[in-house]
Amino acid sequence: DPMAAVNSSDLEPLPHQIKAVYGEFMPRVPLRFLLADDPGAGKTIMAGLYIKELILRGYLKRCLIVVPGGLLDQWKDELFEKFGLTFESLTKSHLSNVSVYNPFLVNNFLIARMDQLSRADLQVEEAMKSANWDLIIVDEAHRMSAHYSSWKGEPKQTRRFKLGKLLSKQTVNLLLMTATPHAGNDEDFELFLSLLDEDRFEGKYRKGNKKIKTDGLMRRMVKEDLLTFEGKPLFPERIAETVEYQLSPAEQDLYESVTDYVREEMNRADKFVAGVDKKRSNNIGFALTVLQRRLASSTR
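Residues numbered from 1 in each chain as written. Predicted model: local features only at pLDDT ≥ 70, side-chain atom pairs only at ≥ 80, totals over all residues. Heavy atoms only, no water.

Caption draft 1: Examining the overall build of the protein more closely. Summing up its helical and strand segments, the protein has 12 helices and nine strands in all. Counting only C-alpha atoms, the protein reaches 65 × 50 × 45 Å along its principal axes. Counting every position in the protein, which comprises 300 residues, the buried fraction comes to 42%. Taking the intrachain contacts of the protein between residues at least 6 apart in sequence as the baseline, contacts between residues at least 24 apart amount to 70%. (Helix = DSSP H or I, 4+ residues; strand = E, 2+ residues; numbered from the N terminus. Buried < 20%, exposed > 50% of the residue type's maximum accessible area, 1.4 Å probe, protein only. Contact = heavy atoms within 4.5 Å.)

Caption draft 2: Structural detail: helix 2 (residues 15-25). The buried count for helix 2 comes to eight of 11 residues, which makes it a mostly enclosed element. Every buried residue belonging to helix 2 is among His16, Gln17, Ile18, Ala20, Val21, Tyr22, Glu24 and Phe25, and all of these are buried.

Caption draft 3: A look at the sheet that holds strand 1 (residues 32-35). With parallel pairing, the seven strands of this open sheet are ordered in space as 3-4-2-5-8-1-9. This sheet does not close on itself; its edge strands, each paired only once, are strand 3 (88-89) and strand 9 (218-219). Pairing between strand 2 (residues 63-67) and strand 5 (residues 133-139): four bridges, direction parallel. Bridged to Cys63 within strand 5 is Leu135. (Pairing = 2+ DSSP bridges.)

Caption draft 4: Geometry of the side chain of Gln17. Tracing the chain through its elements places Gln17 in helix 2. Among the polar contacts listed, one links the side chain of Gln17 to the backbone nitrogen of Leu14, at a separation of 2.9 Å. (Polar contact = N/O pair within 3.5 Å; in protein donor to acceptor, adjacent residues only side chain to side chain.)

Caption draft 5: View of unusual backbone geometry. In the segment running from Val29 into Pro30, the intervening peptide bond is cis, with an omega of 0 degrees. Phi is positive for Glu140, close to 55 degrees, though the residue is something other than glycine. Relative to the elements of secondary structure, Glu140 occurs in the loop between strand 5 and strand 6 (147-148). Judged by its relative accessible area of 26%, Glu140 falls in the partly exposed class.

Caption draft 6: Examining the pattern of salt bridges more closely. Applying the stated criterion to the full structure yields 12 salt bridges. With its nearest N and O atoms 2.9 Å apart, the salt bridge here joins Arg57 to Glu53. Assessed through its relative accessible area of 38%, Arg57 is described here as partly exposed. Here Arg119 ties to Asp115 by a salt bridge, and the two come within 3.7 Å at their closest N and O atoms. With a relative accessible area of 58%, Arg119 lands in the exposed category. We classify Asp115 as partly exposed; its relative accessible area is 24%. Sharing partners across several salt bridges, the network here consists of Asp38, Arg220, Glu224 and Arg238. (Salt bridge = Lys/Arg side-chain N within 4 Å of Asp/Glu carboxyl O.)

Structure follows, in structure tokens:
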């Protein structure tokens with residue numbers, strides 16, 4: 001059965017999910033891939049199908065899943081209910097006894113919180129380095145991004161990015177998943193992609209270069225491209241338009257007062273730019289922008 005995982009799981013996958021697993025993941029050995037479909041595409045389902053298919057074919061004996069803390073239970077439940085896959089949760093107790101009991105070696109199917117690993121001490125880091133995996137999956141992987149320092153020109157590596165680099169070396173197959181892979185900065189995007197292929201994205205991206213090539217390394221499908229088997233849109237059409245409405249006198253007064261306040265304080269913040277405290281200026285400017293946005297969202 002070429003799609004054994006589909007026929008032995010409690011779900012009916014959608015066309016784009018089947019295409020991701022059997023058209024993108026399975027043909028790539030080893031897999032170093034970024035799944036960047038829009039929210040709601042069902043990336044957890046695609047990951048579960050891939051895991052189960054590898055197990056059924058005898059290619060997967062050890063798997064680590066790294067997720068934000070708030071998503072851990074959701075992942076565990078969905079993998080068990082839909083695919084019959086049981087993953088052990090990495091706990092504080094595991095990490096406190098890591099010198100006697102290495103959970104990364106003992107548990108073949110483990111799910112861990114991203115910050116739990118990124119903030120771990122050297123002992124836990126050494127324990128991670130001693131364990132190799134057939135597959136590591138990272139959800140909300142954009143949190144492992146890094147950026148270049150504006151004055152040094154060198155990458156400023158966050159703890160999460162360092163964790164990503166460590167995990168990348170400990171596995172044959174690495175699947176990163178996020179709905180927001182690119183934050184508008186090509187340099188930072190290349191740094192992020194270096195987690196998948198360090199050699200291909202070595203060095204700093206130079207502005208003016210050709211578009212970053214992600215061939216064979218990434219798939220991104222937006223909601224408008226997601227269809228049912230009948231060819232119908234999976235999500236309602238998104239329509240962006242400006243809607244005008246009349247403010248009441250009280251709302252108008254409030255809006256004008258906040259706008260004047262923001263303008264005055266922004267001018268005050270600009271004075272820091274001429275001085276030495278540019279960081280504080282940026283923070284103030286951001287806070288004031290958020291204030292005005294909140295007002296525009298709701299006059300209450």
